[in-house]
Amino acid sequence: MDKYVNLIKLSVGSESVETLADWQQTRAAQAEDGLPRHVTRMWPKREAEILKGGSIYWVIKGLVQCRQRILRMDEVMGSDGIRRCAIVLDPELYRTQSAQKRPFQGWRYLKPEDTPPDLPKTRQSEDALPDDLNRALAEIGVL
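Right, let's walk through the structure included here. From a predicted model like this one, the values you see are computed outputs, not experimental measurements.

Some thoughts on the pairing of strand S5 (residues 83-89)
Across the 7 residues that make up S5, a large majority, 6, are buried. Inspection of the sheet shows strand S2 (residues 37-40) paired to S5 by 4 bridges, in the antiparallel sense. Paired with Val39 across the two strands is Ala86, which belongs to S5. Where strand S4 (residues 63-77) folds back onto S5 in an antiparallel hairpin, the turn is made up of 5 residues, including Gly81, whose phi is positive at roughly 80°.

What follows is the structure, encoded as C-alpha cells:
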C-alpha cells in the first residue's frame, strides 16, 4: 500500500464522540453533498499523502477518542474572501483506544505508526467510560 499520513485535530466544543457526531449532522458542518466537513484556514501541503488512506483523529477533552476517514479536500471561500480548505470526511466515526494528547492549535500530521488503534468492532457501540476514569487509565497506559 502507498504511504499515507493522518491528521490530528482538537474537536473544540465537543463533550463526547456523540456530540461530535451530532454537530456533523447539522447543515453548517456539511459539504454541499451532505458529507461532514471540517473547514480550516491552512491547506495541508501533504494532501496527496493524506488522500491515500489517511484519517483525521479527533481529540476530545484531552484524549484521542475517534477517527474519520478523509475522503477529499474542497476549496471554499470564506466571507472574508480568503481561500480555505474543507476536509471532507466519511460520516462513520471509528472509536479508538483513548490516548492522551496535550492541547495544540490547528491540526498536525500524524504518522500511521503513531496512531492509537481502533477499538474492536464489538466495542464500537459501547458507552464511553467517564472522562476522569478514561483519563486515569490513559495516564497509566492501560488504554
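Picking up where we left off.
Concerning the pattern of salt bridges
A full pass over the atoms with the stated rule returns 9 salt bridges. Here Arg67 and Asp118 are joined by a salt bridge, their closest N and O atoms 2.8 Å apart. Highlighted residues: Arg67 in strand S4 and Asp118 in the loop between strand S7 (107-110) and helix H3 (131-139), separated in sequence by 51 residues. Arg67 gets classed as buried once you look at its relative accessible area, which sits at 13%. Judged by relative accessible area, Asp118 falls into the partly exposed class, the value being 30%. Salt-bridge contacts for Asp74 lead to Arg72; the nearest nitrogen and oxygen are separated by 2.9 Å. A single salt-bridge network, built from bridges that share partners, covers Asp33, Arg72 and Asp74.

Points about unusual backbone geometry
Residues other than glycine seldom take positive phi values, yet Lys61 does so here, at roughly 55°. Structurally, the position occupied by Lys61 is in the loop between strand S3 (55-60) and S4. By relative accessible area, which is 34% here, Lys61 ends up partly exposed.

Here we look at the environment of Glu113
Mapped onto the fold, Glu113 is located in the loop between S7 and H3. A relative accessible area of 61% means that Glu113 is categorised as exposed. Residues Glu113 and Val5, 108 residues apart in the sequence, show an inter-C-alpha distance of 9.6 Å.

Here's the deal with the nonpolar core
Residues Leu7, Trp58, Cys66 and Ile70 are the most contacted members of the largest nonpolar core, which totals 16 residues. For this core, the secondary structure elements donating two or more residues are helix H1 (17-24), S3, S4 and S5.

Conventions we followed
- Residues numbered from 1 in each chain as written.
- Predicted model: local features only at pLDDT ≥ 70, side-chain atom pairs only at ≥ 80, totals over all residues.
- Heavy atoms only, no water.
- Buried < 20%, exposed > 50% of the residue type's maximum accessible area, 1.4 Å probe, protein only.
- Helix = DSSP H or I, 4+ residues; strand = E, 2+ residues; numbered from the N terminus.
- Pairing = 2+ DSSP bridges.
- Salt bridge = Lys/Arg side-chain N within 4 Å of Asp/Glu carboxyl O.
- Core = buried A, V, L, I, M, F, W, Y, C linked by side-chain atoms within 4.5 Å.

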